[in-house]
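Architecture at a glance
Each chain is listed here by its residues.
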Amino acid sequence: MRLLTHNMLSSNIKGVANGFPLRIEVEKVVEKEVEINHDFLRNIFPKIDWKALSDASRIMGYHELPEEPPEPSVLEADIEFLRKFHHALLELHLEEGALLCPESGRKFPVNKGIPNMLLLEDEV
C-alpha cells in the first residue's frame, strides 16, 4: 500500500467521528521504483494531508520530508524536494502490517500490500 493510498483512507466504523489519519503498524516495508511525474506531483500536492504523509513516512523509516508543508512555489523550483515527495508518496509500500483507527483502535490488516477495510456486521 502506497502512502498516497494511506492519505486517502479513513475508518468508517459506526460511531467513529474522526477516523483519519489511520495509524500504521509496520511489519514489512518495500521500496518499488516508479518513474517520476512532476505534473502529477504538482497536481496532487494540494490534496495531500501533509501531516499525515510526513508522520506516515517517518513511521515507515523515511525521514527526508519536512514536518511542515513547503510553499507551493517550491514545487516549481526544487527538483530535489519533488524527488523526496515522489519517493514517500509513491515508492514506499507497506507490504505487511496494519492500519489502526485513531478513535476506536480497530486494526485493519495489510497483507501483500492490500489493506482490508471491510467492516464487521456490528460496525456498519
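Above this text is the structure in question.
Everything numeric here is computed off the predicted structure, so don't read it as measured data.

**Topic: the sheet that holds strand β3 (residues 107-111)**
Overall, antiparallel pairing links the 4 strands, which are arranged β1-β2-β3-β4 in an open sheet. The open sheet terminates on both sides in strands that have one partner only, identified here as β1 (23-31) and β4 (114-115). Sheet strands in contact with helix α5 (residues 79-91) are β1 and β2 (92-100), and its direction is about 60° off that of β2.

**With respect to α5**
With 10 of 13 residues buried, α5 is to be regarded as a mostly interior element. Among the residues of α5, F81, L82, K84, F85, H86, H87, A88, L89, L90 and E91 are the ones counted as buried. In this structure, the buried residues of α5 make contact with α1 (3-6), β1, α2 (38-44), α3 (50-59), α4 (74-77) and β2. Capping the start of α5 is the job of one residue whose side-chain oxygen sits 3.1 Å from the backbone nitrogen of E80: D78.

The rules behind each value
- Residues numbered from 1 in each chain as written.
- Predicted model: local features only at pLDDT ≥ 70, side-chain atom pairs only at ≥ 80, totals over all residues.
- Heavy atoms only, no water.
- Pairing = 2+ DSSP bridges.
- Helix = DSSP H or I, 4+ residues; strand = E, 2+ residues; numbered from the N terminus.
- Contact = heavy atoms within 4.5 Å.
- Axes fitted to C-alpha atoms, helices over the stretch in contact; angles between N-to-C directions.
- Buried < 20%, exposed > 50% of the residue type's maximum accessible area, 1.4 Å probe, protein only.
- Polar contact = N/O pair within 3.5 Å; in protein donor to acceptor, adjacent residues only side chain to side chain.

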